[in-house]
Amino acid sequence: MNRYEDLFGPRMFYRRLLGLAIFSAVVLLAPLVVEDPYYRELLFLCHYYVILASSWDLLSGFTGNINFGHAFFIGGAGYTGAVLNLNLGWQPWLTLPIGGITAALCGLVVGTVTLRLKGPYFASVTFCFGALLYKWLMVSSKFLGGEEGLSGIVPLTDSPLGNYYLSGLFMLAVVFILYFISKSSFGLILRSIGENETASEGSGINTTYYKVVAFIISAAIAGVAGAMYAHAQMHVGPEMAHDSLSALILMMAVVGGMGSIIGPIMGAYLLTLVNETLRFMGELRLLIYSGAVVAVIFFAPKGLLEIFSRAIRRLIGQERGKVI
Amino acid sequence: MTTLLSILVLGTIWGAVYSLIAVGFTLIFGVAGIINLSHGAFYMLGAYLAYTFMTLLKINVPLSAVMAVVGVALIGMAIDHFGIRPMRERHAYVLILTLAFALFFQELMYGIYGPYGKPVQSFVGGEIILGGVHISYQKLITLFVAAAFVALLWFFIKKTKTGKSISAVAQNKDAAILVGIQYEKAYRMTMGISAALAAVAGVFISPILEAVPTMWAFPLFKAFAIVIIGGLGSLEGAIIASLLLGYSETLVSILISANYSDMVYLIAIILVLVLRPTGLLSKGRRS
Amino acid sequence: MNSILEIRGISKAFGGLQAVRNFDLRVREKDLVGIIGPNGAGKTTVFNLITGFIRPDGGEVWFKGENITRLKPFQIVNRGLCRTFQLVDLFKEMTALENVMIPCFSHRATRERPKGEKAWRVAMEFLEGVGLASRFNEQVKNLAFGELRLLDIARAMATQPDILLLDEPFSGLDVEDAAVLSSVIQKMHQKGQTMIIIEHRLRDLLKLVESVVAIVFGEKVAEGTPQAIMNNPKVINAYLGDRRE
């Protein structure tokens, strides 16, 4: 890996493409092996969380501006889609993009006024937006369903298999896009902001602009995902905007490895499956999560991806540098 | 007229309680530069310990209160020493770590005490009626205790040697080291003090609000709002902002609906951060 | 006088301390100006004021005929004024090449780059310019101190500056590294790069620069050729007791 053509030339590109192709193949072919609808639904959930965690990672993992209110976009778009469907009869092919656009617009507004704030302040404001939406939904009238939420939404597709493939294709599209963004100059700039925002500014980068754009992309993807989930569950409730959802997504990204897109994918799969299997444990689950997050921070701060990369590196005999 | 009086009285009481929680929170930020997301958990632990000692073990009130507060202070210092100290420089990780601790305590309470609210007997029964407004003695005691402790803290920080050395660390850690102040000790003591204050609030509020495992969240967020409004690290700011929040919430609660009073602090945070990020009351410089 | 940079009477106070008082300076194209002064004299503060990191209490900064006093740092960089930092401020987890690529993506550098030219190739050229081409794939945290200084200069140069500000580039360098840095600066000067250099190590500085400004307690006390400055009584006075040359 000593020539710079290697880093930027076709070899690395094809290696990455291969990795994603393998992943896509697994995702697309899995239902041949997995026939039980319960597991197909579970994998649908995995797809959903992968989309949420990786979209979160684009802003927060790369620039270090931790977004504590990702659920704001998820719940907001979910309800938007639900309302449009229940009142105007709009179908998923329309409500999902509208959900995304609404979320993107909110991201633009919220981002422009908040992203000039430093880390903890940005985190607080995003949290507040999420909490405000949640509280407002809880006390809302029949139109938004209050605590119970809204039911009777048109289903996403007509079977768990359909849901699996729709969400899977969406997930793969998101992963491809986000991954290649992360390896592009845009991604490099975002990382520089996260590393050392002052140095980035001092190098002539308009950091607020890049943060806002990342935020909008992040929000839009989460919005589409929220609308998708609303149709899949045929129900929306205030819990879709709750801070525990934001926290869960955050944990998935942290455990998997922030700032890499691939890490959150791993984290999302892992924690969703863990979530399900530990369901019988009730409240203890959250305890295990918190324990896991603390353990990861202390022993593997860069997340599972770091461990995974090290293993691959040993396998192919590469000493340092990037693996994927 | 009674409405106005209600707002004033209740607002002051809640303001005082909030200030107990907020001054500890702002102290930790001012001294150690960290936002301690497990601060609300100290409040919760205070309440649960009060329940355990007073209701379950039937120990008398004063002794229970002291044990609860001291216990929480020790827990706070342990968290600082074992959890935060190794990670001090990485603010993002400290945030996530303290949040994880808070969740851990929540789950611990779920595990030990279950999800239902745990009641604690009022320390003193009865109420007085002032100008048509009913005020329980418990609330009155809470007000006085809160005011007393905040005043004590003020005195400690501004007038005593130890307090001033803590203040010195807050202002300039490197200079403080040069004059021989041990900043690690200052951090730990600050953590203990702030945890103790939050616990006091928890102990005295426990007869008014039941102890539930999720009760760590709202005091944390309100403390956060208060500290942002009043200016991070500013003791005076925290006290004033606490009262402001107490009055605003009571106002909204009585005039509009109790449902919306919990949104006041959220809107306050957003407005302050967007419009005047250094806080309404601080002098305009931010770390 | 066609000065490209005009600093007009800027002042800055921090609390009770007047860090910079009524500082004036005119720099023309291709100039190589040195700024000297004892520790804490306010030299770095002047840089911070010019580059938008701090706002002056009074006075103005004019660059290429435009008032840049109130602009943000990234805007000033994009107008052609770039600085390095005394405590090297780089992207530690990134490689040397990536560090130099970031400024290549600034608005200004992107404009100046010929169409179709890849950013990483341009960045490599800058690395070659300071002699770090072989270390391109090394993470910054693994680089030697002297290399960090050179990298910072490469990074600043990648913004295609009209004026380059160097803040104590020689501090902490050993004799060899200082010689390398010296020749790099001389090469840039020969190519016509306008520069202002703050330096505490007088011997290294005075060999390079054409004119010198001395600051003591935030005020300019002398300006002239290196010869004149070294014989100036006020300057000598300020350095008495501080016999590090």
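Above this text is the structure in question.
What you see is a predicted model, and the numbers here were worked out from it, not measured in a lab.

Moving on to the overall build of chain A. Tallying secondary structure elements over chain A gives 14 helices and two strands in all. With the principal axes as the frame, chain A shows a C-alpha extent of 65 × 50 × 40 Å. Per-residue burial for chain A yields a buried fraction of 51% across its 324 residues. Residue pairs at least 24 apart in sequence account for 78% of intrachain contacts in chain A once pairs closer than 6 positions are excluded.

Within chain C, the regular secondary structure consists of 10 helices and 10 strands. For a compact globule of 245 residues, the expected C-alpha radius of gyration is about 18 Å, and chain C comes in at 18 Å, within 12% of that figure. If you line up chain C on its principal axes, its C-alpha atoms span 55 × 40 × 35 Å. Among the 245 residues that make up chain C, the fraction classed as buried is 46%. Across chain C, every contact between residues at least 6 apart in sequence was considered, and the portion connecting residues at least 24 apart equals 67%.

Quick look at the packing of helix α3 (residues 96-104) of chain C against helix α5 (residues 119-129) of chain C now. Residues and elements named next belong to chain C. Relative orientation of the contacting elements α3 and α5 amounts to 115°, with a least axis distance of 8 Å. In terms of orientation, α3 and α5 fall into the roughly perpendicular class. Where α3 crosses over α5, the two elements pack in a sense that is right-handed. The residues of α5 that touch α3, namely those facing A96, L97, V100, M101 and C104, are A119, W120, V122, A123, M124, F126 and L127.

With that settled, consider the interface of chain A and chain B. The interface of chain A with chain B comprises 25 residues on the first partner and 24 residues on the second. Breaking the side of chain A that touches chain B down by element, the ones donating at least two residues are α5 (92-114), α6 (119-138) and α13 (284-299) of chain A. It is α6 of chain A that provides the largest number of residues to the side of chain A that touches chain B, a total of nine residues. Split by residue class, the side of chain A that touches chain B holds 17 nonpolar, six polar and two charged.

Residues and elements named next belong to chain C. Spatially, four strands are ordered β2-β1-β4-β5 in an open sheet, and the strand pairing comes out antiparallel. Across the chains shown, the open sheet's two edge strands, defined by having one partner strand only, are β2 (17-28) and β5 (66-67). Relative to β2, strand β1 (residues 3-14) runs antiparallel, the two being bridged by eight bridges. Bridge pairing in β2 places I7 opposite L25. Along the sheet, helix α1 (residues 43-50) contacts β1, β2 and β4 (58-63); its crossing angle with β2, the most-contacted strand, is approximately 65°.

To summarise the sheet geometry, strands pair through backbone hydrogen bonds and adopt either a parallel or an antiparallel arrangement. Residues and elements named next belong to chain C. Judged by pairing direction, the sheet is mixed, and its six strands sit side by side in the order β6-β7-β8-β3-β9-β10 without closing on themselves. What marks the edges here is a single partner per strand, and that holds for β6 (81-83) and β10 (219-224). Within the sheet, the average angular offset between the axes of one strand and its neighbour, ignoring direction, is 20°. Here β6 runs beside strand β7 (residues 163-167); their pairing, made up of three bridges, is parallel. Bridged to C82 within β7 is L164.

If you check helix α4 (residues 91-113) of chain B, its first and last C-alpha atoms are 33 Å apart, about what 23 residues at 1.5 Å a residue would give, namely 33 Å. Taken from the residues just after α4 of chain B, G114 of chain B is the one with a positive phi, measuring 85°.

At the junction of the two partners, chain A supplies 21 residues and chain C supplies 28 residues. When residues of the side of chain A that touches chain C are traced back to their parent elements, those giving at least two are α1 (4-8), α8 (185-195) and α9 (197-202) of chain A. Grouping the amino acids of the side of chain A that touches chain C by side-chain chemistry returns eight nonpolar, 11 polar and two charged.

A positive phi angle is found at K58 of chain B, which is not glycine, with a value near 55°. Relative to the helices and strands, K58 of chain B is located in the loop between α2 (39-56) and α3 (61-84). Phi at Q160 of chain C takes a positive value of approximately 55°, unusual for a residue other than glycine. Within the secondary structure, Q160 of chain C sits in the loop between α6 (145-157) and β7. A tally of 22 C-beta atoms within 10 Å means that Q160 of chain C is categorised as buried.

Counting residues in each nonpolar core, the largest one holds 274 residues, and the members touching the most others are L20, V72, A199, A201 and I269 of chain B together with L127 and A154 of chain C. Looking at this core element by element, the count peaks at 18 residues for helix α1 (residues 2-32) of chain B. Not counting residues up to four positions away in its chain, the partners in contact with L127 of chain C are A96, L97, V100, L132, A133, F136 and A154 of chain C.

All names here are of chain B. Where α1 meets helix α10 (residues 235-255), the closest approach of the two axes is 6 Å, and the angle between their N-to-C directions is 140°. Between α1 and α10, the interaxial angle falls into the category oblique. At the point where α1 passes α10, the crossing takes the right-handed sense. Residues that form the contact of α1 with α10 fall into these classes: 14 nonpolar, 10 polar and one charged.

Moving on, we get to the pairing of β7 of chain C. Residue and element names in this part refer to chain C. When you tally the buried positions in β7, you get five out of five residues, the bulk of the element. Burial along β7 is two-sided: the face carrying I163, L165 and D167 and the face carrying L164 and L166 are both buried. In this sheet, strand β8 (residues 194-198) lies alongside β7 in parallel orientation, the contact comprising five bridges. The residue bridging I163 from the neighbouring strand is T194, located in β8. Viewed along the sheet, the connection from β7 through helix α7 (residues 175-190) into β8 turns out right-handed.

For the rest of this paragraph, the subject is the pairing of β1 of chain C. Residue and element names in this part refer to chain C. Linking β1 to β2, which pair antiparallel, is a turn of two residues; within it G15 sits at a positive phi near 60°. Here five bridges tie β1 to β4, and the two strands are oriented antiparallel to one another. The residue bridging E6 from the neighbouring strand is W62, located in β4.

Here is what the cut-offs are and how they apply
Residues numbered from 1 in each chain as written. Chains lettered and ligands numbered in written order. Predicted model: local features only at pLDDT ≥ 70, side-chain atom pairs only at ≥ 80, totals over all residues. Helix = DSSP H or I, 4+ residues; strand = E, 2+ residues; numbered from the N terminus. Buried ≥ 20, exposed ≤ 12 C-beta atoms within 10 Å, placed from the backbone. Contact = placed C-beta atoms within 7 Å. Rg over C-alpha atoms; globule rule 2.2 N^0.38 Å. Axes fitted to C-alpha atoms, helices over the stretch in contact; angles between N-to-C directions. Parallel < 35°, antiparallel > 145°, perpendicular 65-115°, else oblique. Left-handed = near helix turned anticlockwise from the far one by under 90°. Nonpolar A, V, L, I, M, F, W, Y, C, P; charged D, E, K, R; others polar. Pairing = 2+ DSSP bridges. Expected span 1.5 Å × (residues − 1). Core = buried A, V, L, I, M, F, W, Y, C linked by C-beta atoms within 7 Å. Right-handed = clockwise from strand over helix to strand, strands pointing away.

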